[in-house]
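Per-entry structural report
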Amino acid sequence: AQSVTQLDSQVPVFEEAPVELRCNYSSSVSVYLFWYVQYPNQGLQLLLKYLSGSTLVKGINGFEAEFNKSQTSFHLRKPSVHISDTAEYFCAVSERSGNTPLVFGKGTRLSVIA
Amino acid sequence: EAGVAQSPRYKIIEKRQSVAFWCNPISGHATLYWYQQILGQGPKLLIQFQNNGVVDDSQLPKDRFSAERLKGVDSTLKIQPAKLEDSAVYLCASSPRGVWGEETQYFGPGTRLLVL
């Protein structure tokens, strides 16, 4: 079964600074990878996803992530954060073979400081 | 297009009581999911419906949890009787087909349950 590890539970960063949120996964088969964002008192919203093709994926709000198969990672990056990026970020994985559920990491709380 | 609707948004009950949550997915979406999100953790899938049939309920505690999607549209999730450890946010999501894991899931705002 697949699993996801988000290495940092909390990441504080100053406004306009770059940020990287780390995600590693474990699976015995090929996977699809996702990043979702959860703003306070709201449901999750898709930021970006990797299905196939280019390993660099661009998403909404200026975020991007790079799939690294050899390191089983899918780190999320943004070159310059805004106050409005303060939220919880979840990495998730599903296996390509068959109908398998989406498995989420525990989340990383990004706090952007003015 | 309207998003996924859930009600109520908040619920406080005492242990051993019962509670029900309602979800209306995005119009036309065949697949509906219920997740449990305990504080400090990521969402965990409880049950997945494809139209009105259950695709995966392997992580649903069936001794106390039940869910239905009778007409293949909206759905209810029930807990009876509730335990303290059921305190969590219950998220509903939908996707157009959901048969393959590549689809984007669209989430509702969730129902925050507190069991005292």
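The coordinates are above.
Read on for an overview of the structure. Note that this is a predicted model, so its numbers are computed, not measured.

1. Focus on the interface of chain B and chain A
- The partner chain A presents 20 residues to the 25 residues of chain B that form the contact.
- When residues of chain B are sorted by the area they lose upon contact with chain A, Gly101, Glu102 and Phe107 of chain B head the list and together hold 28% of the total.
- Put simply, chain B and chain A have zero salt bridges between them.
- Seen at the junction of chain B and chain A, the total is four residue pairs in polar contact (both at pLDDT 80 or more).
- Its residues assigned to classes, the side of chain B that touches chain A comprises ten nonpolar, ten polar and five charged.

2. Side note on the sheet that holds strand 3 (residues 19–24) of chain B
Residue and element names in this part refer to chain B.
- The antiparallel open sheet is built from four strands, whose spatial order is 1-3-8-7. Two strands lie at the open edges of the sheet, namely strand 1 (5–7) and strand 7 (65–68), each paired on one side alone. Looking at each pair of strands side by side, their axes are set apart by 15° on average, direction ignored.
- As paired elements, strand 1 and strand 3 share three bridges and run antiparallel to each other. Its bridge partner being in strand 3, Gln6 is matched across the sheet by Cys23.

3. Let's talk about the nonpolar core
- Core analysis: the largest hydrophobic core is formed by 28 residues, its most contacted members being Leu33, Trp35, Leu47, Leu48, Phe74, Leu76 and Tyr89 of chain A.
- Of all elements in the fold, only strand 2 (10–14), strand 3 (19–21), strand 5 (31–38), strand 6 (44–50), strand 8 (64–68), strand 9 (73–78), strand 10 (87–95) and strand 12 (108–113) of chain A reach the threshold of two or more residues within this core.
- When sequence neighbours within four positions are dropped, the list of residues in contact with Tyr89 of chain A reads Gln6, Leu21, Trp35, Tyr36, Val37, Leu47, Phe63, Leu76, Gly107, Thr108 and Leu110 of chain A.
- Membership of the second largest hydrophobic core comes to 21 residues, among which are Ile26, Leu32, Phe49 and Ala88 of chain B.

4. Quick word on the pairing of strand 7 of chain B
All names here are of chain B.
- For strand 7 and strand 8 (residues 75–79), the ladder comprises four bridges, and the chain directions are antiparallel. Bridge pairing in strand 8 places Phe65 opposite Ile79.
- Connecting strand 7 to the antiparallel partner strand 8 that follows it, the hairpin turn spans six residues, and Gly72 within it adopts a positive phi of roughly 70°.

5. A word on the pairing of strand 6 of chain A
All names here are of chain A.
- With five of its seven residues buried, strand 6 lies for the most part within the structure.
- Bridging between strand 5 and strand 6 involves six bridges; their strand directions are antiparallel. Across the sheet, the residue bridging to Trp35 is Leu48, located in strand 6.
- Linking strand 5 back to strand 6 in an antiparallel pair, the connection comprises five residues, with Asn41 at a positive phi of about 60°.

6. Quick word on the packing of aromatic side chains
- Under the definition given, this model contains 13 aromatic pairs over all chains.
- With centroids separated by 5.9 Å and ring planes inclined at 55°, the aromatic side chains of Tyr36 of chain A and Phe104 of chain A adopt a geometry described as tilted. Of this pair, Tyr36 of chain A sits in strand 5 while Phe104 of chain A sits in strand 11 (residues 103–104), and the two are 68 residues apart along the sequence.
- Consider the rings of Tyr50 of chain A and Phe67 of chain A, whose centres lie 4.5 Å apart with planes at 25°: the pair is stacked. With Tyr50 of chain A in strand 6 and Phe67 of chain A in strand 8, this pair connects stretches of sequence that are 17 residues apart.
- Among the aromatic side chains, those forming a connected cluster through ring pairs are Phe34, Tyr36, Phe90 and Phe104 of chain A together with Tyr33, Tyr35 and Phe107 of chain B.

Basis of the calculations
- Residues numbered from 1 in each chain as written.
- Chains lettered and ligands numbered in written order.
- Predicted model: local features only at pLDDT ≥ 70, side-chain atom pairs only at ≥ 80, totals over all residues.
- Heavy atoms only, no water.
- Contact = heavy atoms within 4.5 Å.
- Buried area = accessible area lost by both parts, 1.4 Å probe.
- Salt bridge = Lys/Arg side-chain N within 4 Å of Asp/Glu carboxyl O.
- Polar contact = N/O pair within 3.5 Å; in protein donor to acceptor, adjacent residues only side chain to side chain.
- Nonpolar A, V, L, I, M, F, W, Y, C, P; charged D, E, K, R; others polar.
- Pairing = 2+ DSSP bridges.
- Helix = DSSP H or I, 4+ residues; strand = E, 2+ residues; numbered from the N terminus.
- Axes fitted to C-alpha atoms, helices over the stretch in contact; angles between N-to-C directions.
- Core = buried A, V, L, I, M, F, W, Y, C linked by side-chain atoms within 4.5 Å.
- Buried < 20%, exposed > 50% of the residue type's maximum accessible area, 1.4 Å probe, protein only.
- Phe/Tyr/Trp six-rings, centres within 6.5 Å; stacked < 30°, edge-to-face > 60°.

These figures capture arrangement, not role.
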